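Architecture at a glance
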Amino acid sequence: MKALIITLLLNVALYNTLAFTPVSNSEINYEFHRFTHQHNKQYPSYDEYMIRHKNFINNYHMIQVHNQLNHGYTLGINQFSDMSQREFKEFVESSKLHIDRFNQHTLTNTMSGDVPNSVDWREKGAVTDVKNQKQCGSCWAFSTTGSIEGAYAIAKGKLVPLSEQQLVDCDKGDNGCNGGIMTSAYEYVIRNGGLDSETCYPYEARDDTCRFDKSCVSATISSYGSVSANNDKAMIEALARQPISIAIYAAGSTFQHYNGGVYDDPTCYSDESHLDHGVLLVGYGTTDDGKDYYILKNSWDTTWGENGYMRIARGENKNICGLLDMPCYPVV
């Protein structure tokens, strides 16, 4: 904690001493116009337009300052750049990740022999394209389908995008667009006898009536397990087998505007009570300059991060954003 406080004070001091290039009104207006066009932003009133414009200006300046401080990862404009920090926090926390319902379910399933130095399940055909949960708090469903898609592809040799909407509509152990948790969703999939394909049961980004079609089931699981918490070695061993569902804290401003590089923000909460977002780990590796990282797949479209992904720092004494607190996985 003392080291963290010192780091923050040094950053504040550096911020106060650096001479940042001022941004002209014309530049800001141009960037905001480009932002609204790229992300198809349409505001219902002039007052709303001015609020979004002000938020954009604040975020634009924050991004410039951060990138000049050379943190090792960069921030950038994305679909969330017209939101204040408070609004973004409310958006993330709308998922209401039900960590109190997380079921620690330990299975004896350890790796034999040495694990690879790096793994990327995208390259092995076990990860579907990046999806977009939109304004629905269904991150838990996307994390669940992502891990089942991966496990099923590895076991059966066939990668099929699965239905998040089925989980939103039919999994009564969770709360649709008002949140849920991955282990509870695994239990539903087991009880229900599988998940429909996304083609049969497409995503709507809203709560709807259950329309499960048994003839469209495209993946089943037999059980699920949890990885030992706060254990980097256990996580690496698990990721060497398959993609892993995790819960993280995602409501911070640097997470909001992450653009590229190895994300390593020491202020990102690692307290279990702050976990608010379900995502998927699909691998791990090391940069050319020796930075170890996990590969995180998000459900915020390809306009966020590195085409929808984040490389997030890993290490024996690292638990950035609490990613090691609640890892779990399905068994096919």
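Whatever comes next refers back to the structure up there.
Side note on the state of the cysteines
- Enumeration according to the criterion identifies 4 disulfides in this entry.
- Here Cys 170 pairs with Cys 210 through a disulfide, and the sulfurs are 2.0 Å apart. Since a negative S-S torsion denotes a left-handed disulfide, the Cys 170-Cys 210 link at about 100 degrees is right-handed. On the criterion of sequence distance, the pair formed by Cys 170 in helix α6 (residues 164-170) and Cys 210 in the loop between β3 (195-196) and β4 (217-219) is long-range, its members being 40 residues apart.
- Note on Cys 210: relative accessible area 43%, which makes it partly exposed.
- Here Cys 200 engages in a disulfide with Cys 216; their sulfurs sit 2.2 Å apart. Between Cys 200 and Cys 216, the S-S torsion sits near -65 degrees, and that sign places the bridge as left-handed. Residue Cys 200 is found in the loop between β3 and β4, and its partner Cys 216 is found in the loop between β3 and β4; the two are separated by 16 residues along the sequence.
- Cys 200 gets classed as partly exposed once you look at its relative accessible area, which sits at 42%.
- Look at Cys 216 and you get buried, because its relative accessible area is 14%.
- Looking at the protein chain, its bonded cysteines, counted consecutively from the start of the sequence, adopt the pairing 1-3, 2-5, 4-6, 7-8.
- Looking at Cys 139, it has no disulfide partner, and the nearest cysteine sulfur is the one in Cys 136, 9.2 Å off.

What to know about unusual backbone geometry
- Located in the positive-phi region is Asn 70, a residue other than glycine, with phi close to 55 degrees.
- Phi is positive for Cys 321, which is not a glycine, with a value near 60 degrees.
- Within the secondary structure layout, Cys 321 lies in the loop between β10 (309-313) and β11 (328-331).
- Note on Cys 321: relative accessible area 0%, which makes it buried.

Focus: helix α5 (residues 139-156)
- Spanning 18 residues, α5 covers 25 Å between terminal C-alpha atoms, matching the ideal 26 Å at 1.5 Å per step.
- A large share of α5 lies buried, amounting to 15 of its 18 residues.
- Where α5 ends, the next residue or the one after it, Gly 157, has phi of about 75 degrees, a positive value.

Examining helix α7 (residues 182-192)
- The complete set of buried residues in α7 reads Met 182, Thr 183, Ser 184, Ala 185, Tyr 186, Tyr 188 and Val 189.
- One or two residues past the end of α7 sits Gly 193, with phi positive at roughly 90 degrees.

Observations concerning the nonpolar core
- If you look at the biggest cluster of nonpolar residues, it comprises 52 residues, and the most contacted ones within it are Ile 246, Ile 248, Phe 255, Tyr 263, Tyr 294, Trp 300 and Ile 312.
- Cys 139, Val 160, Ile 181 and Ile 221 belong to the second largest nonpolar core, which has 26 residues in total.

Points about the packing of helix α2 (residues 25-38) against helix α3 (residues 46-68)
- Running from amino to carboxyl end, α2 crosses α3 at an angle of 110 degrees, the nearest separation of the two axes being 10 Å. What the angle tells us is that α2 and α3 run roughly perpendicular. Each of Glu 27, Ile 28, Asn 29, Glu 31, Phe 32 and Phe 35 in α2 lies in contact with α3, whose residues at this interface are Tyr 49, Arg 52, His 53, Phe 56, Ile 57, Tyr 60 and Gln 64.
- The residue makeup of the contact of α2 with α3, split by class, is 7 nonpolar, 3 polar and 3 charged.

A short note on the pattern of salt bridges
- Going through the model one piece at a time under the given rule, you end up with 19 salt bridges.
- Where Glu 93 meets Lys 89, a salt bridge forms, and the shortest distance between an N and an O atom there is 2.6 Å. On the criterion of helical spacing, the pair formed by Glu 93 and Lys 89 is a turn pair, its members being 4 residues apart in helix α4 (residues 85-93).
- Across the pair Lys 131 and Glu 149 runs a salt bridge whose closest N-O atoms are separated by 2.8 Å. A residue pair is termed long-range when its members are at least 10 positions apart, and Lys 131 in the loop between β2 (119-120) and α5 and Glu 149 in helix α5 qualify at 18 residues. Taken individually, Lys 131 and Glu 149 each receive the classification buried, so the pair is uniform in this respect.
- Three or more residues are tied together by salt bridges with common partners; here these are Asp 169, Glu 204, Arg 206, Asp 208 and Arg 211.

Reading the values: the criteria
Every residue gets a number counted from 1 within its own chain, in the order that chain's sequence is written. In view of the model being predicted, local features appear only for residues whose pLDDT reaches at least 70, and side-chain atom pairs are presented and counted only at 80 or more, with totals across whole chains, interfaces and linings using the full set of residues. Each side-chain value is derived from all of the structure's non-hydrogen atoms; neither hydrogens nor water enter the calculation. Disulfide: a pair of cysteine sulfur atoms within 2.5 Å of each other. We count a stretch as a helix when DSSP gives it H or I for four or more residues in a row; a strand needs E for two or more, and each element gets its number in order from the N terminus. Think of it in three bands: with a 1.4 Å probe and only protein chains considered, a residue is buried below 20% of the maximum accessible area for its type, exposed above 50%, and partly exposed in between. A helix is expected to reach a length of 1.5 Å times the quantity of its residues less one. By convention a nonpolar core is built from buried Ala, Val, Leu, Ile, Met, Phe, Trp, Tyr and Cys residues, the set being connected through side-chain atoms within 4.5 Å. Note on method: axes are straight lines fitted to C-alpha atoms, helices fitted across the in-contact stretch only, with angles between N-to-C directions ranging 0 to 180 degrees. Oblique is the label for any angle not covered by the other classes, which are roughly parallel (under 35 degrees), roughly antiparallel (over 145) and roughly perpendicular (65 to 115). Whether two residues touch is decided by their heavy atoms; if any such pair falls within 4.5 Å, the residues are in contact. In this classification, Asp, Glu, Lys and Arg are treated as charged, Ala, Val, Leu, Ile, Met, Phe, Trp, Tyr, Cys and Pro as nonpolar, and every other residue, Gly included, as polar. Note on definitions: salt bridges are taken to be side-chain nitrogens of Lys or Arg within 4 Å of carboxyl oxygens of Asp or Glu.

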